[in-house]
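# Summary of structural features
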Amino acid sequence: MARPRSVLITTTCAALGALVLTALPASAAPPGPPGRTDHAPRPVREDGGPESAASRLPRAFGAPDAAPAARPGTGYPRRTALTVPPVDPADRSVKLGLAPYHALAPRLNALQRLGDRVSVEVAGRSAGGHELYLVTVTAPESAGQSREQERMRERIENAPAAAAKDPRIKAAYKTPVFFNNNIHGNEWEGTDAALKLIEELATATDRKTAGLLARTRIYLNVTANPDGRIAGTRTNANGFDLNRDFVTASQPEARAIRRIAIDKQPAVMLDLHGYVNGTLIEPTTPPHGENYEYDLFLKNSYANALGMEKAVNGLGYTPAKDGVEPAVIPFRDMPEGWDDWPPIFTPQYMPFQGAVAAHTIEFPMAVNNEEYDTLPVAELRRRSAINVGIAGVAMRAALDYTDAHRGSVLADQIETFRRGAAGEPQRPVSEKTVPGVPGIGPEDVYTTSFPRAYVIPAGRSQRSAVAAARLVDHLVANDVRVGRAADGSYVVDLRQPKRGIANVILADGRDISGDVSTMYDISGWSLGLLWGATVRRVERGPVPPVVDTVHAAAPTGSVAPRGDLLLRLDDPKELVAVNALLARGVAVRRTENGAAVVPGSARKAARELAERYGVVFGATKERGTAPLARTRVAASASAGELFALREMGFDVVPVSAASLNGGFRWAAGDVLYVSRGLDWAELNPAARSALRASGAGVVAVGADGAAFNAAAGLLPVTSVAGNGDANGVVRVRGAGSPLTSGAPGHAFVYAPLWFTGLGAGVRTDLSYAPVAPLVSGHWRPLADGRGGPADAAGWAAVVSGRTGYGAPVVLIGTEPLFRDHPKGSFALVGRALLSR
């Protein structure tokens, strides 16, 4: 019998439910104490982030992050003398009585000197340049013992059937446990709880601790977001919510955590957050990620959650005395709205790398945002101390669970990999397959049918070759096995231990609009459809024979040996290449279909860029129709969009109504990019006149962009808003215009928009598919039946034209730069910015 998905019984939990059902205004910080604090069933446009030197630096596509030197023959402890950063009295942790970032290195240096159990390594650097500290706590190991642990770890992943029968693994393998802290910079307390736990484990003399450390390796990412910890912001220095980045991995902090997940292969992990009162402890509500071995995951996650709940409630805090409500387990206590469907969050990514229990933990007592600014320091510190204590007992309870169930936890991790390698079907969850978890019903059953393989053709066109290489490198970075066939195509055989993450990346996804009424965050994300590569699904054998294993995609860059050169502007890497040429003063011209003609005299520069970005400069006899010029983009946009624009090599200057009203100096060739936060009504007459007089083009995205267009009287069109809750992957059709020539047949939407009533001179560049445009995601009609995907079908998604004073304007109803994710759509924006 399915458990009742009842309304939560405490007033605080009822407030949480109200939060789940309340839409936030696009410009507002989320109110109250949600844990994933940008949660709302209605997708809101991303918050902008703090401007920083790091966010203004261009980053080459696919450039690897600096990694710590590998020491495969080194045992434990592995001591690192951390560099101590300068004292920063403005660090926002100080007010809360918590450890500021500059205090972490000295404290970790001291903890390493306490004995032989604590090791510290630098796992990478943040977007703002701060070191990321990875601590390992375990019993000492000789170099030989450490090598044996690594061999056993590899055997668990790569030979799981044999590992399941290996007595040495059962007897001697140390269970890896991972605690990730402070990924949201203004949710601080996990870091301080981690420091206390490290000290306690380092100095304890009892037999229980000695036994735990003999059987376990405990990994702690002390602060996953030092930029945000210092600044008191949710985001990193690039303005990114790192706990939305794992399927894309655009940020160095997310890539560092991904590397930890692959290298350490944790079986159990916690991600420490705030603030939900009572303490929220996952597992989640439906829909559940369809690519998991969810029976194994739910078995362990629910049991571990019960232990953590008991430990948290056992601290004795009460609503009357302390303001602390009892703990909440969403799977048990909530009907929907806190799901684990998208693999963008840390605990939802970790199962694909071997975790059989992974949890978001939300501390109860809010100390950020409005509370930080208004509450007395004494009250903030009281709340922080409660949160540190709760985080500490949650960590301890997770360690107790792991140690008490060590055999079954390891067996379930091995079984996860074994099923993938064997190509076995998933086991749907039920009270029979997951005994001990009450109330499992059909609403919890989410499985998929894995294909036999995927084939990614290397591609004859320039766009597909570059896009295929990007996709293959991303698969390899996620520890997916990729082979190469004799014809150069890439083959992803789904009979592999990590088939789940392979399918996450390559599958089209699923329309879950009818399954639940609301979603926590995005519901569709297919890199196979959105990154511009061709991906063929092989339902059953035979799989193309593989001639070698791929560790990196084959080079794709080339330059024609003579004559002028043609650079297709179909891919973001081609945009960054053409912007580099324009920055060097090369006389590049635009063709009728939106490509770029590069003079043969720039062949040396072209060779350099072809090697760096993998782009193809083909031969051409075209002369081009107009010169291209370096574009400065004045952008009122989200952090993700700013980042993507800079990735394409554009000179980006963030603007606002205040900066434009203050006498912004428009230059020849400038373009205004508007997607959020800029209201025409807020511009004074001088700012409006200056924009018009400059002749600057306008690229406007989403509802805010459409409103700006209408208020400014730029293009005569009517914008129609779909259901604001909707997001996902949609089918689109190009109209053969210079903007969308070579564009992929899919796009991403987030609160989708379309255009009707096109006036004279307005052209449709891209439209929604005429039938069933939604491929995967969550897009329902509104209560009155309007605003669903059927209403968008066939209508214009992108239109363009010129204003009465001659400025070019492009209006976009999809989300082509969302969180730096849908790479295949980037070129649409790049072409729009260059087509003045």
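Residues numbered from 1 in each chain as written. Predicted model: local features only at pLDDT ≥ 70, side-chain atom pairs only at ≥ 80, totals over all residues. Heavy atoms only, no water.

### Describing the overall build of the protein chain
The test is simple: Counting from the N terminus, the helices are DSSP H or I runs at least four residues long and the strands are E runs at least two residues long. We call a residue buried when its accessible area falls under 20% of the maximum for its residue type, exposed when it is over 50%, and partly exposed in between, using a 1.4 Å probe and counting protein chains only. Two residues form a contact once any of their heavy atoms are found within 4.5 Å. Accessible surface area values rest on a Shrake-Rupley calculation with a 1.4 Å probe, where residue burial reflects the displayed protein chains alone. The charge count includes Lys and Arg as positive and Asp and Glu as negative, but it does not include His or the ends of the chains. All charge positions are set by atom: Lys at NZ, Arg at CZ, Asp at CG, Glu at CD.
The number of helices and strands found in the protein chain is 28 helices and 32 strands. Counting only C-alpha atoms, the protein chain reaches 80 × 65 × 60 Å along its principal axes. Taking all 836 residues of the protein chain together, the buried fraction comes to 62%. When contacts within the protein chain are restricted to residue pairs at least 6 apart in sequence, those whose partners lie at least 24 apart make up 79%. Total accessible area computed for the protein chain in this model is approximately 28,900 Å², and 55% of it derives from carbon and sulfur atoms. Computed over 91 positive and 83 negative side-chain charges, the inter-centroid distance for the protein chain is 6 Å.

### Topic: helix H10 (residues 252-264)
What counts, and what does not: The length a helix should cover is 1.5 Å for every residue beyond the first.
For H10, spanning 13 residues, the distance from its first C-alpha to its last is 18 Å, which sits close to the expected 18 Å at 1.5 Å a residue. Most of H10 is tucked away: 11 of the 13 residues are buried. Listed as buried for H10 are Pro252, Glu253, Ala254, Arg255, Ala256, Ile257, Arg258, Ile260, Ala261, Ile262 and Lys264. Just downstream of H10 lies Gln265, where phi reads positive at about 55 degrees.

### Some thoughts on the sheet that holds strand S14 (residues 546-549)
Let me state the cut-off plainly: We call two strands paired when DSSP finds no fewer than two bridges between them. Here the axes come from fitting lines to C-alpha atoms, over the contacting stretch only for helices, and the angles between their N-to-C directions go from 0 to 180 degrees.
Judged by pairing direction, the sheet is antiparallel, and its five strands sit side by side in the order S13-S10-S12-S11-S14 without closing on themselves. In this open sheet, the two strands that pair with only one neighbour each are strand S13 (536-538) and S14. Across the sheet, the mean angle from the axis of one strand to that of its neighbour is 30 degrees, orientation sign disregarded. Of the strand pairs in this sheet, strand S10 (residues 453-456) and strand S12 (residues 490-493) are connected by four bridges, and their pairing is antiparallel. The residue of S12 that forms the bridge with Val455 is Val491. Helix H19 (residues 499-506) contacts S10, S12 and S13 of the sheet and is inclined by roughly 50 degrees relative to S10.

### Concerning the nonpolar core
Convention followed: Residues grouped as a nonpolar core are buried Ala, Val, Leu, Ile, Met, Phe, Trp, Tyr and Cys residues, joined through side-chain atoms within 4.5 Å.
Of all hydrophobic cores here, the largest spans 142 residues; its most connected members are Leu108, Phe179 and Val492. Sorting elements by how many residues they give to this core places helix H16 (residues 377-404) first, with 12 residues. Counting residues in hydrophobic clusters, the runner-up holds 61 residues, among them Ala606, Leu642, Val730 and Trp754.

### Examining the packing of aromatic side chains
For clarity, the cut-off: Working definition: rings of Phe, Tyr and Trp (its six-membered ring) pair if their centres are within 6.5 Å, and the pair is stacked with planes under 30 degrees apart, edge-to-face with planes over 60 apart, and tilted otherwise.
Under the defined criterion, the tally for this structure stands at 22 aromatic pairs. Aromatic side chains Phe664 and Trp666 sit 4.8 Å apart centroid to centroid with 75 degrees between the ring planes, which places their arrangement in the edge-to-face category. Given the relative accessible area of 16%, Phe664 is considered buried. Taking relative accessible area as the criterion, Trp666 reaches 17% and is therefore assigned buried.

### Overview of the side chain of Gln496
Tracing the backbone shows Gln496 in the loop between S12 and H19. Residue Gln496 is classed as buried on the basis of its relative accessible area of 1%. Those residues in contact with Gln496, other than ones at most four positions away along the chain, are Gly420, Ala421, Val480 and Arg481.

### As for the pattern of salt bridges
Selection rule: Salt bridges, as used here, are contacts in which a Lys or Arg side-chain nitrogen is within 4 Å of a carboxyl oxygen on Asp or Glu.
Evaluation of the coordinates by the stated rule reveals 49 salt bridges. Glu415 is the salt-bridge partner of Arg419, the closest N and O atoms lying 3.0 Å from each other. Here the residue Arg419 and the residue Glu415 both occupy positions in helix H17 (residues 406-422), the gap between them amounting to four residues, near one helical turn. For the pair Arg419 and Glu415, a shared accessibility class is recorded, and that class is buried. Via salt bridges that share partners, Glu293, Asp295, Glu415, Arg418, Arg419, Glu424, Arg427 and Arg499 belong to a single interconnected network.

### Examining the sheet that holds strand S16 (residues 565-567)
Ordered by their spatial adjacency, six strands build an open sheet running S15-S19-S16-S18-S17-S20, and the pairing between neighbours is mixed. Where the open sheet ends on each side, the last strands, each with one partner, are strand S15 (558-559) and strand S20 (626-627). Bridging between S15 and strand S19 (residues 616-619) involves two bridges; their strand directions are parallel. Its bridge partner lying in S19, Val559 is registered against Phe617. Packed on one face of the sheet, helix H21 (residues 572-583) meets S16, strand S18 (596-598) and S19 and runs near 130 degrees to S16.

### Comments concerning the pairing of strand S27 (residues 746-750)
Regular strands place side chains that alternate from one sheet face to the opposite one. Of all five residues in S27, four are buried, a share of seventy percent or more. Examined bridge by bridge, strand S26 (residues 727-734) and S27 share five bridges and lie antiparallel to one another. Bridge pairing in S27 places Val730 opposite Ala747.

### Some remarks on the packing of H21 against helix H22 (residues 603-613)
Going by this rule: Roughly parallel refers to an angle under 35 degrees, roughly antiparallel to one over 145, roughly perpendicular to one between 65 and 115, and oblique to any angle outside these ranges. Each crossing is labelled by how the near helix is turned from the far one, with a counterclockwise turn of less than a right angle marking it left-handed and a clockwise turn marking it right-handed. Under the scheme applied, nonpolar residues are Ala, Val, Leu, Ile, Met, Phe, Trp, Tyr, Cys and Pro; charged residues are Asp, Glu, Lys and Arg; polar residues are all the others, including Gly.
Here H21 crosses H22 at 150 degrees, and the two axes come no closer than 10 Å. With respect to each other, H21 and H22 are oriented roughly antiparallel. Read as a crossing pair, H21 and H22 show a hand that is right-handed. Contacts from Lys573, Val576, Ala577, Ala580 and Leu581 in H21 reach Ala605, Leu609 and Tyr613 in H22. Of the residues in the contact of H21 with H22, the class split is seven nonpolar, no polar and one charged.

### Some words on the packing of helix H11 (residues 294-313) against H17
As a packed pair, H11 and H17 sit with axes 10 Å apart at the nearest point and diverge in direction by 160 degrees. Relative to H17, the element H11 lies roughly antiparallel. Between H11 and H17 lies a crossing whose hand is left-handed. Each of Asp295, Leu296, Lys299 and Asn300 in H11 lies in contact with H17, whose residues at this interface are Ser408, Val409, Asp412, Glu415, Thr416 and Arg419. Looking at side-chain class alone, the contact of H11 with H17 contains two nonpolar, three polar and five charged residues.

### A word on the pairing of strand S21 (residues 632-636)
Condition: Orient the strands so they point away from the viewer, and a crossover whose first-strand-to-second-strand path over the helix runs clockwise is right-handed.
Burial of S21 is extensive: four of the five residues sit out of reach of the surface. Where S21 meets strand S22 (residues 651-654), four bridges bridge the pair, whose relative direction is parallel. For Val633, the partnering residue across the bridge sits in S22 and is Val652. Crossover connection from S21 via helix H23 (residues 639-647) to parallel S22: handedness right-handed.

### Some words on unusual backbone geometry
Cis geometry marks the peptide bond from Pro286 to Pro287, where omega comes out at -5 degrees. Its place among the elements puts Pro287 in strand S7 (residues 285-288). Cis rather than trans, the peptide bond between Gly541 and Pro542 has omega equal to 0 degrees. Inspection of the secondary structure puts Pro542 in the loop between S13 and S14.

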